[in-house]
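Architecture at a glance
Each chain, written out:
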Amino acid sequence: MNTTSTTTSAAATGRIVLLTTSHRVAPGLLSWPAWQVLRAADRVLCADGAHPQLPYLREAGIAVDEAAPSAEELVDACAGGRTVVVVATGEGEPALTDGLARLAGSGRVNMPELELLPASYDLPGARLLDLVQVMDRIRAECPWSSRQTHKGLAKYGIEEAYELVEAIEDGDREELREELGDVLLQVVFHARIAEEDPEEPFSIDDVAGTIVAKLIHRHPHVFGDETATTPEEVKAHWLRTKAEEKRRTSVTEGVPLGQPGLALAAKLASRVRTAGLEVPLPAREGFGYELLALAARAEAEGVDPEAALRAAARAYRDAIVETEGTRRP
């Protein structure tokens, strides 16, 4: 076998490079291998004359032809060992790639080397940019969404939080993913509304920046010089830095009074216990005070009374359904 002639023949077929980019990365920010291929190419093609990358490529001295060749035409353009780069549009050039696959499968065409080269990559969290853009358009164009306020949406935030808890307790992974998305929507929706405030506007970036700064400050054992080897030490760091930030005059500050009663009672008991205070429960009669005592006892024993009651209520619901089934004719 003559390896020299085989290598020469393969080289003569040329090379097709399909260059893909992410719309979630700023135009012009391409990988170094992408720039190398673009500069060395014999020809660069793009079917979309309005492609956001084109001005940056041309500014870098790369000639780009606005053309949409067929698979056959593209193979012919590679004759003689030429390299042709196709800057893919947002759809990814499915017609072209399908045509190239048919030619390769026919066995009648000496195909050039085919390469898919991602020129820019989505970073983790990149799809959040899509959510922000979609929310921005919905806020501007949807008759219902464009009229919503923080107060009007408040009830939906509560509902979505409860549905998230239910998905967690059910152990349904698909439902959990969906409910997390619904909660995330509430955050993005409120942030979008907040941008329009005439006096104190803020954006989703401000929201993210605030929580990033808070997390870094409250984790000195991760981002600073302090150490923590147990969950208890981590909690101590968290409580100390939180106290420094808030400078509260009472342990009850920051406890939302509108939360469910058992959760509220447990939270107050937790604050009292953590602060090392000795505060006796009100010595009064009535179901409310009995429930308060049960909630405080549950918290002291490390039990979430709200979750415990929900679990018991679910068992009661199942018993109801079972009883109803036995009574059906």
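Presented here is an overview of the structure given in this document.

What counts, and where the lines are drawn
Residues numbered from 1 in each chain as written. Predicted model: local features only at pLDDT ≥ 70, side-chain atom pairs only at ≥ 80, totals over all residues. Heavy atoms only, no water. Helix = DSSP H or I, 4+ residues; strand = E, 2+ residues; numbered from the N terminus. Rg over C-alpha atoms; globule rule 2.2 N^0.38 Å. Buried < 20%, exposed > 50% of the residue type's maximum accessible area, 1.4 Å probe, protein only. Contact = heavy atoms within 4.5 Å. Pairing = 2+ DSSP bridges. Phe/Tyr/Trp six-rings, centres within 6.5 Å; stacked < 30°, edge-to-face > 60°. Salt bridge = Lys/Arg side-chain N within 4 Å of Asp/Glu carboxyl O. Expected span 1.5 Å × (residues − 1). Arc of directions from axis to C-beta. Patch = residues over 30% accessible without salt bridge, like charges linked within 9 Å, V, L, I, M, F, W, Y side chains within 5 Å. Areas by Shrake-Rupley, 256 points an atom, 1.4 Å probe, with all protein chains shown as cover. Lys, Arg positive; Asp, Glu negative; His and termini not counted. Charge placed at Lys NZ, Arg CZ, Asp CG, Glu CD.

1. A word on the overall build of the chain
- Counting its secondary structure elements, the chain contains 14 helices and 5 strands.
- Taking 329 residues into account, the globule formula puts the C-alpha radius of gyration at 20 Å, and the chain, at 31 Å, lies well above it.
- Oriented by its inertia axes, the alpha-carbon framework of the chain measures out at about 95 × 65 × 50 Å.
- Counting every position in the chain, which comprises 329 residues, the buried fraction comes to 27%.
- For the chain, long-range pairs separated by at least 24 residues make up 62% of all intrachain contacts whose partners lie at least 6 apart in sequence.

2. So, the sheet that holds strand β5 (residues 113-118)
- Spatially, 5 strands are ordered β3-β2-β4-β1-β5 in an open sheet, and the strand pairing comes out parallel. Looking at the sheet topology across the chains shown, the edges are occupied by β3 (65-66) and β5.
- Strand direction decides the pairing type here: strand β2 (residues 43-46) and strand β4 (residues 83-87), joined by 3 bridges, are parallel. Across the sheet, the residue bridging to R43 is V84, located in β4.

3. Details of unusual backbone geometry
- For E93, which is not glycine, the phi dihedral falls at a positive 60°.
- Mapped onto the secondary structure, E93 falls in the loop between β4 and α5 (94-106).

4. With respect to the pairing of β4
- Most of β4 is tucked away: 5 of the 5 residues are buried.
- Of the two faces of β4, both are covered, the one formed by T83, V85 and V87 as well as the one formed by V84 and V86.
- Of the pairings in the sheet, the one linking strand β1 (residues 15-20) to β4 comprises 5 bridges and is parallel in character. Bridged to L19 within β4 is V87.

5. Observations concerning the packing of aromatic side chains
- The tally for this structure, following the rule as stated, stands at 2 aromatic pairs.
- A centroid spacing of 6.2 Å and a plane angle of 75° characterise the contact between W144 and Y156, whose relative ring orientation is edge-to-face. In this pair, W144 sits in the loop between α6 (127-141) and α7 (150-170) while Y156 sits in helix α7, placing the two residues 12 residues apart along the sequence.
- When the centroid spacing of 6.5 Å and the interplanar angle of 65° are considered together, the rings of W144 and F189 count as edge-to-face. Pair noted here: W144 is in the loop between α6 and α7 and F189 is in helix α8 (residues 173-194), with a separation of 45 residues, a long-range link.
- An aromatic cluster is present here, built from W144, Y156 and F189 joined pairwise through their rings.

6. Considerations on the pattern of salt bridges
- Applying the stated criterion across every chain yields a total of 15 salt bridges.
- Ionic pairing is found between E196 and R192, a salt bridge with its closest N-O pair at 2.9 Å.
- Residue class for E196 comes out partly exposed when judged on its relative accessible area of 41%.
- The shortest N-O distance in the salt bridge between R297 and E301 comes to 3.5 Å.
- What emerges from the salt-bridge pattern is a single network uniting R24, D122, R127 and D130.

7. Some remarks on the side chain of R192
- Within the secondary structure layout, R192 lies in helix α8.
- Classification of R192 as buried rests on a relative accessible area of 14%.
- Once residues lying within four places of it in the same chain are set aside, the contact partners of R192 are M135, D136 and R139.

8. Points about helix α13 (residues 287-300)
- The end-to-end C-alpha distance of α13 is 20 Å, a good match for the 20 Å that 14 residues give at a rise of 1.5 Å each.
- Taken as a whole, α13 has its buried residues at A295, A296, A298 and E299. The buried residues of α13 occupy an angular sector of 160° when the element is viewed end-on, so they sit on one face. Facing away from the buried side of α13, by more than 90 degrees, are the exposed residues R297 and A300.
- Residues of α13 that are buried make contact with α12 (261-275) and α14 (305-327).

9. Some remarks on a nonpolar patch on the surface
- Residues I211, V212, L215, I216, V222 and F223 make up a contiguous nonpolar surface patch of roughly 530 Å² in combined accessible area.
- For the nonpolar patch, the secondary-structure elements that each account for two or more residues are α9 (204-217) and α10 (220-223).
- Counting residues per element, the nonpolar patch draws most heavily on α9, which supplies 4 residues.
- Take V212: it is sitting in helix α9.
- Overall, V212 belongs to the partly exposed group, its relative accessible area being 45%.

10. Brief notes about a negative patch on the surface
- Together, E159, E163, E166, D172, E174, E175 and E178 line one region of the surface with negative charge.
- Those elements giving two or more residues to the negative patch turn out to be α7 and α8.
- Its place among the elements puts E166 in helix α7.
- Looking at E166, the relative accessible area reads 38%, which means it is partly exposed.

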